[in-house]
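What follows is each chain in one-letter form.
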Amino acid sequence: MRVRFAPSPTGALHIGGARAALYNWLMARGSGGTMVLRIEDTDRERSTPENVDQILDALAWLQIDYDEGPISQVQRSARHEEVLQQLLADGHAYRSTATGEDVKAYKAQHGADKGFRGTPEAEGAVRLRVPDDGATVVHDLVRGDTTFQHVHLDDPVIARADGTALYNFAVAVDDADAQITHVVRGEDHLSNTPKQLLVYVAMGVEPPLFAHLPLLHGPDGKKLSKRHGAASVQELRDAGYLPAAVRNYLALLGWGDTDDETLISTEELVRRFDVTRVAKNPARFDEQKLRWMNGRYLRELSLDELTAALEEYTGRAGLRDAVQISREKIQTLADFWPLSGFIFDGPGEDEKAKAKWLTDAGRGALVDAHDALAGLDTWELEPIEAALQGVVAAREVKPKDVFQPVRVALAGTAVSPGIFETLQVIGQEESLARIQAAAATAA
RNA sequence: GCCGCUAUCGUCUAGGGGACUAGGACGCCGCCCUCUCACGGCGGAAACCGGAGUUCGAAUCUCCGUAGCGGUACCA
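Model, not experiment: these values are computed from the prediction.

Asker: What's the story with the pairing of strand 6 (residues 135–140) in this structure? I'm lost.
Answerer: Sheet faces and side chains relate simply in a regular strand, where the side chains alternate between the two faces. Here strand 6 shows a clear split, with Thr136, Val138 and Asp140 buried on one side and none of Ala135, Val137 and His139 buried on the other. The pairing of strand 6 with strand 7 (residues 144–149) spans six bridges and is classified as antiparallel. Bridge pairing links His139 to Asp145 in strand 7. Linkage of strand 6 to strand 7, two consecutive antiparallel strands, is achieved through a turn of three residues.

Asker: Help me understand the protein's contact with RNA strand B in this model?
Answerer: Taken together, the neighbourhood of RNA strand B is formed by 63 residues, with Thr42, Asp43, Arg143, Lys329 and Arg407 sitting nearest. Within the side chain of Asn192, an N or O atom sits 2.8 Å from a base nitrogen of RNA strand B. Here a phosphate oxygen of RNA strand B sits 2.7 Å away from a polar atom, N or O, in the main chain of Gly254. Classifying every residue of the surface near RNA strand B by side-chain character gives 20 nonpolar, 18 polar and 25 charged.

Asker: I tried to follow the packing of aromatic side chains on my own but got confused; where do I start?
Answerer: Aromatic ring pairs: the centre-centre distance and the angle between the two ring planes describe each pair. Across all of its chains, the model carries seven aromatic pairs by this definition. Between Tyr249 and Phe285, the aromatic rings sit 5.8 Å apart at their centres with planes inclined by 70°, giving edge-to-face as the arrangement. You can see Tyr249 sitting in helix 8 (residues 243–252) and its partner Phe285 sitting in the loop between strand 12 (283–284) and helix 10 (287–300), a full 36 residues away along the chain. Here the two residues Tyr249 and Phe285 agree in accessibility, since each one is buried. An aromatic cluster is present here, built from Tyr23, Trp255 and Phe273 joined pairwise through their rings.

Asker: Looking at this structure, how should I read the layout of surface pockets?
Answerer: By rolling a water-sized probe across the atoms, one finds the places where empty space is left. Considering only enclosed or pocket space, the largest pocket measures out at about 1,300 Å³ in volume. The wall of the largest pocket is formed by 38 residues, among which Ser8, Thr10, Gly17, Asp188 and His189 lie closest to the centre. Contributing elements (two or more residues each) for the lining of the largest pocket: strand 1 (2–5), helix 1 (15–31), helix 5 (167–177), strand 9 (182–186) and strand 11 (216–217). Top contributing element to the lining of the largest pocket by residue count: helix 1, with five residues. The class makeup of the residues in the lining of the largest pocket is 16 nonpolar, twelve polar and ten charged.

Asker: Explain the side chain of Thr266 to me, please; I cannot follow it from the model alone.
Answerer: For Thr266, the position within the fold is in helix 9 (residues 266–272). Within the local environment of Thr266, its side chain forms a polar contact with the side chain of Arg247, the two groups lying 2.9 Å apart. Discounting residues that sit within four places of it in the chain, Thr266 has contacts with Trp25 and Arg247.

Asker: I'm lost on the packing of helix 17 (residues 381–395) against helix 19 (residues 419–426) in this one. Help?
Answerer: If you want to describe how two helices pack, look at the angle between their axes and the distance between the axes. It is the contact of helix 17 with helix 19, at a shortest axis distance of 9 Å, that shows an interaxial angle of 120°. Considered as vectors, helix 17 and helix 19 are oriented oblique to each other. At the point where helix 17 passes helix 19, the crossing takes the right-handed sense. Here helix 17 contributes Leu381, Ile384, Glu385, Leu388 and Gln389 to the contact with helix 19, which in turn contributes Phe420, Glu421, Leu423 and Gln424.

Asker: Would you take a moment to explain the pattern of salt bridges for this structure?
Answerer: Once the charged atoms of two side chains with opposite charge are near each other, the side chains can pair. The final tally for this structure, using the stated rule, is 27 salt bridges. As a salt-bridge pair, Arg272 and Glu268 come within 2.6 Å of each other at their nearest N and O atoms. Here the residue Arg272 and the residue Glu268 both occupy positions in helix 9, the gap between them amounting to four residues, near one helical turn. The partly exposed category is assigned to Glu268, whose relative accessible area is 26%. Where Asp368 meets Arg395, a salt bridge forms, and the shortest distance between an N and an O atom there is 2.9 Å. Highlighted residues: Asp368 in helix 16 (residues 360–374) and Arg395 in helix 17, separated in sequence by 27 residues. Overall, the relative accessible area of 29% leaves Arg395 in the partly exposed class. By sharing partners, the salt bridges in this structure join Arg4, Arg38, Glu40, Arg76, Arg79, Glu82, Asp174, Asp175 and Asp177 into a single network.

Asker: In this structure, what is going on with the nonpolar core? I would like to understand it.
Answerer: What tends to happen in soluble globular proteins is that the nonpolar side chains get buried as a cluster. The biggest cluster of nonpolar side chains holds 95 residues, and the ones touching the most others in it are Leu373, Val406 and Leu423. Per-element tally for this core: the top contributor is helix 1, with ten residues. When residues no more than four places from it in sequence are discounted, the contact partners of Leu373 are Trp379, Ile384, Ala387, Leu388, Leu423, Gln428, Leu432 and Ile435.

Asker: Looking at this structure, I do not really get unusual backbone geometry. What am I missing?
Answerer: Most peptide bonds take the trans configuration, and most residues that are not glycine carry a negative phi. The linkage connecting Gly69 with the following residue, Pro70, adopts the cis geometry, with an omega of 0°. Position of Pro70 relative to the elements: it lies in strand 3 (residues 68–72). Residue Glu396 is not a glycine yet carries a positive backbone phi of 55°.

So, how was this worked out
- Residues numbered from 1 in each chain as written.
- Chains lettered and ligands numbered in written order.
- Predicted model: local features only at pLDDT ≥ 70, side-chain atom pairs only at ≥ 80, totals over all residues.
- Heavy atoms only, no water.
- Buried < 20%, exposed > 50% of the residue type's maximum accessible area, 1.4 Å probe, protein only.
- Helix = DSSP H or I, 4+ residues; strand = E, 2+ residues; numbered from the N terminus.
- Pairing = 2+ DSSP bridges.
- Near = heavy atom within 4 Å.
- Polar contact = N/O pair within 3.5 Å; in protein donor to acceptor, adjacent residues only side chain to side chain.
- Nonpolar A, V, L, I, M, F, W, Y, C, P; charged D, E, K, R; others polar.
- Phe/Tyr/Trp six-rings, centres within 6.5 Å; stacked < 30°, edge-to-face > 60°.
- 1 Å grid on protein atoms, 1.4 Å probe; cavity = no way out; pocket = protein on both sides within 12 Å on 5 of 7 lines; lining within 4 Å.
- Points joined across faces, edges and corners; volume = space filled by probe spheres on them.
- Contact = heavy atoms within 4.5 Å.
- Axes fitted to C-alpha atoms, helices over the stretch in contact; angles between N-to-C directions.
- Parallel < 35°, antiparallel > 145°, perpendicular 65-115°, else oblique.
- Left-handed = near helix turned anticlockwise from the far one by under 90°.
- Salt bridge = Lys/Arg side-chain N within 4 Å of Asp/Glu carboxyl O.
- Core = buried A, V, L, I, M, F, W, Y, C linked by side-chain atoms within 4.5 Å.

Here it is in structure tokens:
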């Protein structure tokens, strides 16, 4: 099996493209086949080296590798030219100066049941000659057969007047030359497939098998765009998601196995993925589920692995102890610092929390807590807890009437990791200083 | 306009003529755990787009309608 991922570098790699890459990769790895990466850069206007780098980066981050490529499509222009001359010579293609307007006029005159057929000229763009009768059938692994009547097809332009290849021609030539066996790509290409199939016929080459994946939509059912939040791989990374979680989520977005497993390791995906089971209907990208899944993956990481990931993500060092007490409470790498950054940077400024807990009673609790904590010789979890529970008992109040003021004193907010653990990680001296400072400002 | 694809809980999906009282997951709601927030556990509400037809029997097959999406570029 030889598959390929062929993005056009006209922007960042979106999750739809990422999913196509993943499915191809899963098929290649699951079959011992070969994955080819080709950059479809024939659109010179929109294709940029920066975009190519971005796509390469995104694939690397996702840990989707390839065996051949990246192949630049424009660098194959000599070969495209060669095939073009061949088709021109044997009558499968012809030059025509007909414009889009001409085609429209032609159809207005001949009715909808006659596709545009030009007359050969000495110059102009190159059009592929579509047979007048018959039909081209696309055999699709996920959709079954789709028949396209030739009378509905216009002779497609396959090369510009200057001889440079257009997409529907270049893909077919490149896929044929690379001996691709399975073309797995977005459904937006389904209608293009008959044109490509006709190129195969003209070349006299056996076409590959096709599989067209349903498109991905935003939560509102509309086409995915920036306003849907993290829609590109780059944004997913910035939002603190783990590559493994993204792979798992993307694999299940449009594909389901017979069993009900939701958390599936990449190794298992490679083993189980079956392109013929891909869903036919478009799927919506639901970040909430990704968040949940990411949380599960986060918690499966060892403390050292999570710490390393967070230190790289935040650019801070010495996070291990804080990570340990925070890991149950975060779903993404981005959640960590807002939750536990106060351990390093000092308490935050949540006025609402302060107003609620740094009251008169709160100050009393803080003073007592300070005294109890100051008397400890060993700054360990148990003694810390015992000391604070002692304050609760002595003051005859609910636990939270002591713990919350202490939390606000340490964190400046009403939410934090466990209070005893937090005290321990912050250290005795600093903890006492924060409690004292808070008591001083309490109403 | 024309050509084509698609249609199961809010979302991702399982199901492929009788095993469907339509299963799982996210989310939501409730309870438990509990120092906050979470995590975890338990329970709950929640769907076959509409209409015909085929059949003893339809979520499953056929047709029509409707809706969404894609293509219709000298873009990819």
